[in-house]
Amino acid sequence: MFRGFTQFVCDDCGHKFTGPDMEWMCTVYPAPVKCPKCGGWHTYPSGFHVCLPLGGLFGLNKRIYRRIWKSIEETV
């Protein structure tokens, strides 16, 4: 489901950019989008660092994105 636009950061090159906020497989996590600078898929929402109030209990967690990136690489 499309939820608007959000800021993303590329884990490979560090580029910050705006991309579509689409839910990942019916979860609250935004799906990674392709980095316009390096073409990598290892991207995550830029605000996830400040969204870790209780160690990721309610926020976005980079460990989750590592699993998402792995599943993308296995299907592509």
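Residues numbered from 1 in each chain as written. Predicted model: local features only at pLDDT ≥ 70, side-chain atom pairs only at ≥ 80, totals over all residues. Heavy atoms only, no water.

Q: Which residues make up the environment of lysine 16, and what values go with them?
A: Mapped onto the elements of the fold, lysine 16 is located in strand E2 (residues 16-22). Linking lysine 16 and threonine 43, residues 27 residues apart in sequence, is a C-alpha distance of 9.3 Å. Discounting chain neighbours no more than four positions away, the residues touching lysine 16 are Phe8 and Val9. (Helix = DSSP H or I, 4+ residues; strand = E, 2+ residues; numbered from the N terminus. Contact = heavy atoms within 4.5 Å.)

Q: Mind laying out helix H1 (residues 62-75), listing which residues take part and the relevant values?
A: Between its first and last C-alpha, H1 extends 20 Å over 14 residues, near the 20 Å set by a 1.5 Å rise per residue. Where H1 is concerned, the buried positions are Tyr65, Ile68, Trp69 and Ile72. Seen along its axis, H1 keeps its buried residues to an arc of 100 degrees; they face one direction. In H1, the exposed positions angled more than 90 degrees off the buried face are occupied by Arg66, Arg67, Lys70 and Glu74. (Expected span 1.5 Å × (residues − 1). Buried < 20%, exposed > 50% of the residue type's maximum accessible area, 1.4 Å probe, protein only. Arc of directions from axis to C-beta.)

Q: Give me a nonpolar patch on the surface: which residues, what numbers.
A: A cluster of nonpolar side chains, Phe2, Phe5 and Met22, forms an exposed patch at the surface whose accessible area comes to about 340 Å². The topology assignment puts methionine 22 in strand E2. (Patch = residues over 30% accessible without salt bridge, like charges linked within 9 Å, V, L, I, M, F, W, Y side chains within 5 Å. Areas by Shrake-Rupley, 256 points an atom, 1.4 Å probe, with all protein chains shown as cover. Salt bridge = Lys/Arg side-chain N within 4 Å of Asp/Glu carboxyl O.)

Q: Let's hear about unusual backbone geometry: which residues, and what values?
A: A positive phi angle is found at methionine 25, which is not glycine, with a value near 45 degrees. Residue position: methionine 25 is located in the loop between E2 and strand E3 (43-45). Looking at methionine 25, the relative accessible area reads 63%, which means it is exposed. For cysteine 26, which is not glycine, the phi torsion reads 60 degrees and is therefore positive. Structurally, cysteine 26 can be placed in the loop between E2 and E3.

Q: Residues and numbers for the packing of aromatic side chains, please.
A: Taken as a whole, this structure holds 5 aromatic pairs when the rule is applied. Ring centres of phenylalanine 8 and phenylalanine 17 lie 6.0 Å apart, and the angle between their planes is 20 degrees; this geometry places the pair in the stacked category. Like phenylalanine 8, the residue phenylalanine 17 is buried in the burial classification. Between the aromatic rings of tyrosine 29 and tyrosine 65, the centroid separation amounts to 6.2 Å while the plane-to-plane angle is 90 degrees, which identifies the pairing as edge-to-face. In this pair, tyrosine 29 is assigned in the loop between E2 and E3 and tyrosine 65 in helix H1, connecting sequence segments 36 residues apart. Tyrosine 65 carries the same exposure label as tyrosine 29, and that label is buried. An aromatic cluster of three or more residues is present, and its members are Tyr29, Tyr44, Tyr65 and Trp69. (Phe/Tyr/Trp six-rings, centres within 6.5 Å; stacked < 30°, edge-to-face > 60°.)

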